[in-house]
Amino acid sequence: MIMHHCEAALHEGNMTKQVSGSPFLKPFFLKTPVRVVTPRQQRRHTLPASEFRNLTPQDAISVFEIEREAFVSVSGECPLTLNEVLNFLGQCPELSLGWFEEGQLVAFIIGSGWHKERLSQEAMTQHVPDTPTVHIHVLSVHRHCRQQGKGSILLWRYLQYLRCMPGLRRALLICEDFLVPFYLKAGFKEKGPSEISVSNMQFQEMEYMLNGQVYARRNSGC
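Quick summary incoming for the structure in this document. (Residues numbered from 1 in each chain as written. Predicted model: local features only at pLDDT ≥ 70, side-chain atom pairs only at ≥ 80, totals over all residues. Heavy atoms only, no water.)

Moving on, we come to the pattern of salt bridges. Within the structure shown, the criterion is met by eight salt bridges. Between K150 and E101 there is a salt bridge, and its shortest N-O distance comes to 3.5 Å. Placement of the pair is K150 in helix α5 (residues 150-163) and E101 in strand β2 (residues 96-101), with a sequence separation of 49 residues. Judged by its relative accessible area of 25%, E101 is partly exposed. With a shortest N-O distance of 3.0 Å, R118 and E205 are connected by a salt bridge. (Salt bridge = Lys/Arg side-chain N within 4 Å of Asp/Glu carboxyl O. Helix = DSSP H or I, 4+ residues; strand = E, 2+ residues; numbered from the N terminus. Buried < 20%, exposed > 50% of the residue type's maximum accessible area, 1.4 Å probe, protein only.)

See below:
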């Protein structure tokens, strides 16, 4: 379930090896101005200023804390429970992407594999390996980093990253009506109302073709 609180209110095996060698996931560091650093600050500033990488089960607590703060206050529901986060990061970490600043998680996306044309209730908790479809479960940004465009940037990087993975053809997600324009701008197309409902909430299903027009700001680096 994608409700994207940041912008509004906002298999294993071979695949994992392919991911680790993907040029698109090489550490990406933002340049920062040179400045004097005190001894107390020195250790903190040995960490990369900004880095994108796949998530692991060790990141699950940080993921869930960001997710819980973002969604519970708005809808009363988390897209994923802590156990589901652990499950997906254990089964398909290559379909996740985290944005870290100075070692701290500030935004993330979690996906899993799916094998049918449309998403169903079972897709909310299942990972189907070796399939051409990625189900994007959740995109969330830390509360101190919202309204900075980080959600759009992370989504762009994630979609370009998926385009570099052999065998993947499309990405699916569900979102509330007010988020449809956000995903249309990112290159998604509407597939119509979803059969999935959570606590009487209704959703639209969106599709992004990975071999179609690129949502591009720069070369993908594939």
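Having seen it, we continue.
Right, let's talk about the side chain of E67 for a bit. Mapped onto the secondary structure, E67 falls in helix α3 (residues 60-75). Buried and unpaired, E67 has no salt bridge, with R68 as the nearest side chain of opposite charge at 8.1 Å. Within the local environment of E67, its side chain forms a polar contact with the backbone nitrogen of L80, the two atoms lying 2.7 Å apart. (Lys, Arg positive; Asp, Glu negative; His and termini not counted. Polar contact = N/O pair within 3.5 Å; in protein donor to acceptor, adjacent residues only side chain to side chain.)

Now for the packing of aromatic side chains. The geometry of an aromatic ring pair comes down to the distance between the two centres and the angle between the two planes. Throughout the structure, instances matching the rule amount to five aromatic pairs. The interplanar angle of 80° and the centroid separation of 5.5 Å between the aromatic rings of Y183 and F188 together place this pair among those described as edge-to-face. Each member of the pair, Y183 as well as F188, carries the same accessibility label: buried. Arranged with centres 5.4 Å apart and planes meeting at 50°, the rings of F188 and Y208 form a pair that is tilted. Here Y208 lies in strand β7 (residues 201-209) and F188 lies in the loop between α6 (180-185) and β6 (189-198), a separation of 20 residues in the sequence. Among the residues examined, F188 registers a relative accessible area of 1% and is labelled buried. The ring of W99 is capped by K150, whose NZ or CZ atom sits 5.1 Å from the centre of that ring. (Phe/Tyr/Trp six-rings, centres within 6.5 Å; stacked < 30°, edge-to-face > 60°. Lys NZ or Arg CZ within 6 Å of the ring centre and 35° of its normal.)

All quantities given are derived from atomic positions and should not be read as evidence of function.
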